[in-house]
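Structural features, examined
So you can see what is in the structure, the chains are spelled out below.
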Amino acid sequence: MGQNTTGEVEEFQVGVVIDANTSVAKVWLTCMDMALSDFYASHKNYKTRLVLHVMDSKNDVLDASSAALHLIQNVKVQAIIGPTTSAQAINVAHLGKRYQVPIISFSATSPSISLAQNPYFIRTSINGSSQVNAIAAIVKKFGWREVVPLYEDTEYGHGVIPYLMDAFQNINTRVPYRSVFPSAATDDQITQELNKLGKMRTRVLILHMLSPLGLRVFKKAKVLGMMNKGYAWIITSGLGTDLNSFEPSDIETMQGVLGIRPYISQHKEVAAFEGRWKIKFRKEYPDIERKLDILGIWAYDTTWAMASAVEKPSNSSDILRMGPQLLQDLSNFKFEGLSGEFQLVDRQLQSDAFQILNICGSGFRDIGIWKPSDGTNKLNLQPVIWPGDAKDKPKGWEIPLKDRKLRIGVPIKDGFNEFVKTTNISCNGTKYDVTGYCIDVFTAAIEMLPYCVPHEFIPYKKNESGKAGSYYDDLVHQVEVQKFDVAVGDVTITATRSRHVDFTLPYTEGGVSMIVLVKKDLSKDTWLVL
């Protein structure tokens, strides 16, 4: 563990606890292997070599703890990289504290992992709570007053929610409901919860889930019409960091979604590494289609930092000295990695900025960058394409109408077309274009509401109901019998009609007037010149 005087290479044993059989874990392990090759190729005089011992945590908390305990007691590892999830990390961190073995995770982002209570835990990824102000800045940018978070019932899902609630409270945005999904939710459970959300008025949804569950939610949301115009979706960094690896069918279900992920400058070193990584990964795993992700870059930088820290002269006296010295060296280590400046503050990586993305077409595009110095007031974004291919930003909430639009009855008539004019635009007489002053007044009023009211204009054909009486009495009657929800047009307010329906305040004057010719009295014209 450090330079020695014999010229022999000494091994430093490091355990890796990871969900090894997943395709994404193979991405990370490839990055870690390349980090060791690159490091020792550029530091040939170093006498210490990291040896990685990989054990499968099998996507299970107990298996992760068991693997870590085996590595500590039997393999005698002096540090552990991993495990994969936040729930696994909490239990393994307790073992690290007990045996004074540093636990270094590049993927456990949940702020529920207390660094104060786990003094041997190091997070070489960002704290999940660091993204909440970026999300709040997006919400404030578009003036939304209500949002609903959707999150999984796991350590990862619950960890960031209190911070998210505080961020929304700071911008005076209400959270009327929290939607919690079991991590192993069935299709019926997902559908049931989404149907409940669809009956609420809030249309701004914040999805905080990992990819396996999050993608299933989006697929069901699309089927249920919740990816249409009027909705706004924001995904947190859990899904945001995985966007590069999504299938085209996954992207298709997420059209119009906004997402955030930690910003990593695409400098030439990253591009060169990605090219080498593709060659190596395809050679080792020809049957797996994956792309390099941010966690893979953090895995590379983490392994590089470990290789450098154990070589420090301060550790050279005894290779078996573990815990406190290694913990201190890693905590104080700083270098320029693939992810940018790699520096730990209070034993966790700091993020300078978040990238804001808009999913559209066959992929996604960068529409802005948020920095901590921006707070929630300074956010410049390029134009957004919203769900339903909408260009105008969603209002954020609407009156739920049990899966139907508000039915607006309008008169079909001859004369006075300035008030209402219905023009047949189909050969079979089933489609009409409705215009006129009354329609303009109604449209202006509906657009002033702070929420959306889906509606459609339905021309009423004369004597369609067979009811005797005037055409306008008949039109009013259709509102009374609930064939129409509303009638819009030049309908005079009368006592008889008012007994059956409610009218808005009149916005034009009614009555009968007589127009006559006025003869000018020239004797009163003082400027007359004879």
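Regarding the overall build of the protein chain
- Within the protein chain, the secondary structure is distributed over 16 helices and 20 strands.
- In the protein chain, which comprises 530 residues, the proportion classed as buried is 49%.
- In the structure as shown, the protein chain presents an accessible area of about 26900 Å², 52% of it carried by carbon and sulfur atoms.

Some remarks on the sheet that holds strand β20 (residues 486–487)
- Strand order in the open sheet formed by 3 strands is β19-β16-β20, with parallel pairing between adjacent strands. In this open sheet, the two edge strands, each paired with only one partner strand, are β19 (455–460) and β20.
- Across the face of the sheet, helix α14 (residues 437–447) comes into contact with β16 (406–411) and β19 while running at roughly 160° to β19.
- The strands that helix α15 (residues 471–480) touches are β16, β19 and β20; relative to β16, the one it contacts most, it runs at about 175°.

Some details on the environment of tyrosine 507
- Its location among the elements puts tyrosine 507 in the segment after α16 (495–498).
- With 66 residues separating them along the chain, tyrosine 507 and valine 441 place their C-alpha atoms 8.8 Å apart.
- Residues within four places of tyrosine 507 in sequence aside, it is in contact with Tyr437, Cys438, Val441 and Gly489.

What about the sheet that holds strand β9 (residues 232–235)?
- Read from one edge to the other, the open sheet built from 7 strands follows the order β7-β6-β8-β9-β10-β14-β15, with strand pairing classed as mixed. Edge positions in the open sheet fall to β7 (179–181) and β15 (363–370), since each of these has one partner strand only. On average, each strand axis in the sheet is tilted by 25° relative to the strand beside it, whichever way the strands run.
- Taken together, the 7 bridges between strand β14 (residues 354–360) and β15 define a ladder with antiparallel strand orientation. Counted as the bridge partner of leucine 357 is aspartate 366 from β15.

Points about the pairing of strand β11 (residues 334–337)
- Burial of the side chains of β11 is restricted to one face: Phe335 and Gly337 are buried, whereas none of Lys334 and Glu336 on the reverse face is.
- Pairing of β11 with strand β12 (residues 340–345), which is carried by 4 bridges, proceeds in the antiparallel orientation. Looking at the pairing, glutamate 336 lines up with glutamate 341 of β12.
- Hairpin connection from β11 to β12: 2 residues lie between these consecutive antiparallel strands.

Remarks on the packing of aromatic side chains
- Inspection of the entire model under this criterion finds 19 aromatic pairs.
- Between tryptophan 28 and phenylalanine 106, the ring centres sit 5.4 Å apart and the planes meet at 90°, which makes this aromatic pair edge-to-face. Highlighted residues: tryptophan 28 in helix α1 (residues 23–42) and phenylalanine 106 in the loop between β4 (103–105) and β5 (121–123), separated in sequence by 78 residues.
- Look at phenylalanine 39 and tyrosine 40: their rings are 5.2 Å apart centre to centre, the planes differ by 85°, and that puts the pair in the edge-to-face class. Across the pair, exposure class does not vary: phenylalanine 39 and tyrosine 40 are buried alike.
- An aromatic cluster is built from Phe39, Tyr40, Tyr46, Phe273, Tyr300 and Trp304, whose rings are joined through pairwise contacts.

Conventions adopted
- Residues numbered from 1 in each chain as written.
- Predicted model: local features only at pLDDT ≥ 70, side-chain atom pairs only at ≥ 80, totals over all residues.
- Heavy atoms only, no water.
- Helix = DSSP H or I, 4+ residues; strand = E, 2+ residues; numbered from the N terminus.
- Buried < 20%, exposed > 50% of the residue type's maximum accessible area, 1.4 Å probe, protein only.
- Areas by Shrake-Rupley, 256 points an atom, 1.4 Å probe, with all protein chains shown as cover.
- Pairing = 2+ DSSP bridges.
- Contact = heavy atoms within 4.5 Å.
- Axes fitted to C-alpha atoms, helices over the stretch in contact; angles between N-to-C directions.
- Phe/Tyr/Trp six-rings, centres within 6.5 Å; stacked < 30°, edge-to-face > 60°.

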